[in-house]
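Report on the structure
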Amino acid sequence: MQKLFSLRWLRRLLALVYFLFFVFIFVDFSHTFSEGFIRGFLYPQFTPSLLKFIKVGGIFATGFIAVSLLTLLFGRVYCSVLCPLGIFQDFIARFRIKKQRYKYLKPLNILRYSVLSLVIILALSGSVFLLYTLDPYSFAGRIFSNLVRPVYYSANNVLASILGIFNSYALHKVDFVGVPWQGVAIVAGLTAPLIFVAWRWGRLFCNSLCPVGAFLSLISRYSIFKLTIDENVCTVCNRCSRSCKASCIDIKEKTIDFSRCVACYNCVDSCKEGGIGYKFAYSGSKTVSVTSPNPSRRNFIANFTGLMVGASLLGKSLKSIAQGKGRGLDVSNPELGKSTAGHRPNSRLAPITPPGSDNQKDFLNACIACHLCVTVCPTHVIQPSISQYGLLGLLQPHMDFHSGFCNFECTLCGDICPTGAIRPLELDTKKRTQLGKAKFHMGNCIVRVDRTDCGACSEHCPTKAVHMVPWDGLLLPEVDEDICIGCGACEYACPTTPYKAIFVNGNVNHQVAQMPKETSDDPRESDVDDFPF
Amino acid sequence: MKRRDFLKKGLGAGLLAGAFLKVSGAASLSGVGKSNPSKPFDLVAVMGGEPIPMFDKAIAALGGIGKFVKSGQTVVIKPNIGWDTAPELGGDTNPELVGHLVKQCLKAGAKDVFVFDNTCDTWNRCYANSGIEDAVKNAGGKIVPGNTENYYKTVSIPNGKRLKEVKVHELILNSDVFINVPILKHHSSAKITVCLKNLMGVVWDRRYWHRNDLHQCIADFGTWCKPDLNIVDAYRVMTQNGPRGVSQADLVMKKTLIISTDMVAADSAASKIFGVEPSEVNHIKMAHEMGVGNMNLDELNIERLRV
């Protein structure tokens, strides 16, 4: 008997609404929601909020505490209401064949707590690679930004074309530009197995590889209110177990492993006897039959200690690999000054990180590659990296000046970044934040080689750090590095192929550019008052 | 309108303009600085007022907007909306002028008035922050995107020397009337940007022009693309650090407006206002030599007005 209103339907409704907003934010190109709304909306996302709390602090970064408290009260409500990857898996699981039913599975405690330990140890030793690869929030972000966004764009473009037939320009077409195919392939390659697992076993990912799921399970073991089976009414019909996508109901023992329960409440509605519901877990009543047996907890502790030692060694070695491999070289190294000439101008010495990321190291340690900045960036200059930061920075975003350049008047990426990897900047500060320095490579320049005027670089330069100087009856670009902010407008606009005649070398540590010369808030009065013709 | 019809029309207009130039060239021998009101003006320049009154006075001298826009026609207006900067920085055409022009076209009976630009900065931010989007919408016009390649169709440029083929926005091909509304600015690549240079914003691939002799490509495109009317906003003129500008220190209040059916003539007059000889701006000289228009102002019948 289905009740008109139940916990299950309430959670479904909330999850659906949150999920739809979430997906929309990660595919939207129209800047529909304000930065404040997006920040507030993502407040309860566990991993970004935790990282932000560590990096920036403040009351707005306490989402992970709120989620932990909620878990302490009612279990892993996050997993079924707020976790975008969880809801995504629920959608996949709806495509199961009717005959397929869930059944109780043994907990994979060694696996899930080993993964959690490794994630923590690696993060502490300076690499968030494993964290962001498995983190459900950023995993979902990448799916929507890389795989769903192009579909959304195409649908929009078809609609815009149809309207165009009727002379209406109410919708505009959008290009899915700049996203590296390798990035899309990697995200698709990781999503495919997730889809299969979710289709076959429901929420298995959440109780095996998900670090947030594993962490919350440590809390939900001690939840104050737990879902329990009332032994007095249970007829062992097994309906609850068959409906449990976390496979955590052992009907033989009439127990629910609440550490694995994702609080979807399917079991509550499935029980014809009304025998499953929240009970106060510390009342001493006989019906307290929850949690997994002690051995697993003991295992976990043993595991954790062992892993602490082993993985910290592994972490250190991985970290050194990461740093050695393409993480950009220190600009203070005197070797670098002379290496520009003779090199391909496009193989820059250091990649460029977004404005507000302060320095590359901090950025890479705090960015979980959710690709929200990639989605919202109005110029498409922020793109997932492939090799720019090395293997352990795979998919963390960088500034790609071949797909766009940093809009002078814009601070969106810092305003929405949920982890604090890109910190919000005041517009005036941003306009002087030097991400890198433009380098002019004369041997590639149209003016020099073809002896025709060009100047596209200087044209786009917002500070006129790139300016034109007389040269052989023509105008040749020149760079004033002191006022260059490394926005990449010159590099983007440069028309030469395949290599550009001007490109930006990233600053590993962002610097402050000097003010452009001669600025004023008043135009000059005209010195002539008659027609010059 | 079919592409072939459009080309025919363009060719016809070109011939007509050529004939005009011959006649007016003979007429203006009367002397520099004087106009002949008995003949149609080749160019009207207005000085000393706000953009809208200057425009009203100038268009009246040319016979009113009704001479260019007929009832039931579709109009496309191409201002300079290249940069995501505020109107007071002079990087984009004056929004009030654009809005006013939209209104005048609608008043003249235009069925639809479209406004677009292929911008340099992100298009929607340019549209919004230049003030032009609001001005157009409030005036009853339609602001149209030009941000993706599929709005552009390939045309050939038979008289082009370097530019033989180019992708042009569909509105330029499909509209009955084309009004070019540039703002006069210093330009780091082209020296100055006025009517001819502003047309770079109706094509898709600008990099090709920069790679293949920028000045020649600008002149080449002028042989094919002939706006029915050119209105030069020279009110707030960027005399350095163009075309984007850094601050208002780059601007001089010239308070002038030029209007002409001849792009080369308008560019020539604008050069003088800017302070360079038109012959020093290569694309103006080239366009003149290729017969796009006449840069010799002393051969033109010019009306000079004050507000």
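Structure's up top.
Model, not experiment: these values are computed from the prediction. (Residues numbered from 1 in each chain as written. Chains lettered and ligands numbered in written order. Predicted model: local features only at pLDDT ≥ 70, side-chain atom pairs only at ≥ 80, totals over all residues. Heavy atoms only, no water.)

This next bit is on a nonpolar patch on the surface. Residue and element names in this part refer to chain A. On the surface, a cluster of nonpolar side chains totalling about 640 Å² of accessible area is made up of Phe53, Ile65, Leu69, Leu72, Tyr222, Phe280 and Tyr282. The element that contributes the greatest number of residues to the nonpolar patch is helix H4 (residues 63-74), accounting for 3 residues. Along the polypeptide, Leu72 turns up in helix H4. (Patch = residues over 30% accessible without salt bridge, like charges linked within 9 Å, V, L, I, M, F, W, Y side chains within 5 Å. Areas by Shrake-Rupley, 256 points an atom, 1.4 Å probe, with all protein chains shown as cover. Salt bridge = Lys/Arg side-chain N within 4 Å of Asp/Glu carboxyl O. Helix = DSSP H or I, 4+ residues; strand = E, 2+ residues; numbered from the N terminus.)

Here we take up the side chain of A:Glu491. For A:Glu491, the position within the fold is in helix H21 (residues 489-493). Once you skip the residues sitting within four places of it in the chain, A:Glu491 turns out to touch A:Arg348, A:Phe401, A:His402, A:Lys500, A:Ile502, A:Phe503 and A:Val504. (Contact = heavy atoms within 4.5 Å.)

Next up on the list: empty space enclosed by the protein. Residues and elements named next belong to chain B. Using the criterion set out here, one finds 12 cavities of 30 Å³ or more in the structure. Considering only enclosed or pocket space, the largest cavity measures out at about 160 Å³ in volume. Around the largest cavity sit 17 residues that line it, and Asn80, Gly82, Cys120, Lys197 and Asn198 are the ones nearest its centre. When contributions to the lining of the largest cavity are tallied by element, the ones reaching two or more residues are strand E8 (183-187) and helix H7 (195-198). Here the residues of the lining of the largest cavity are counted per class, giving 4 nonpolar, 7 polar and 6 charged. (1 Å grid on protein atoms, 1.4 Å probe; cavity = no way out; pocket = protein on both sides within 12 Å on 5 of 7 lines; lining within 4 Å. Points joined across faces, edges and corners; volume = space filled by probe spheres on them. Nonpolar A, V, L, I, M, F, W, Y, C, P; charged D, E, K, R; others polar.)

The partner chain B presents 58 residues to the 54 residues of chain A that form the contact. In total, chain A and chain B occlude about 4,700 Å² of area from one another, counting both sides; carbon and sulfur atoms represent 53% of this. At the junction of chain A and chain B, the tally comes to 1 salt bridge. With a closest N to O distance of 3.3 Å, A:Asp530 and B:Arg306 form a salt bridge. At the junction of chain A with chain B, the criterion picks out 26 residue pairs in polar contact (both at pLDDT 80 or more). Per-element tally for the side of chain A that touches chain B: the top contributor is helix H20 (residues 456-460) of chain A, with 4 residues. In this sheet, strand E11 (residues 251-260) of chain B lies alongside strand E11 (residues 524-525) of chain A in parallel orientation, the contact comprising 2 bridges. Its bridge partner lying in E11(B), A:Arg524 is registered against B:Val252. (Buried area = accessible area lost by both parts, 1.4 Å probe. Polar contact = N/O pair within 3.5 Å; in protein donor to acceptor, adjacent residues only side chain to side chain. Pairing = 2+ DSSP bridges.)

On to the packing of helix H10 (residues 263-274) of chain B against helix H11 (residues 282-289) of chain B. All names here are of chain B. Interhelical geometry of H10 versus H11 gives an angle of 145 degrees and a closest axis separation of 10 Å. The chirality of how H10 crosses H11 is left-handed. On H11, the residues that touch Val264, Asp267 and Ser271 of H10 are His283, Ile284, Ala287 and His288. (Axes fitted to C-alpha atoms, helices over the stretch in contact; angles between N-to-C directions. Left-handed = near helix turned anticlockwise from the far one by under 90°.)

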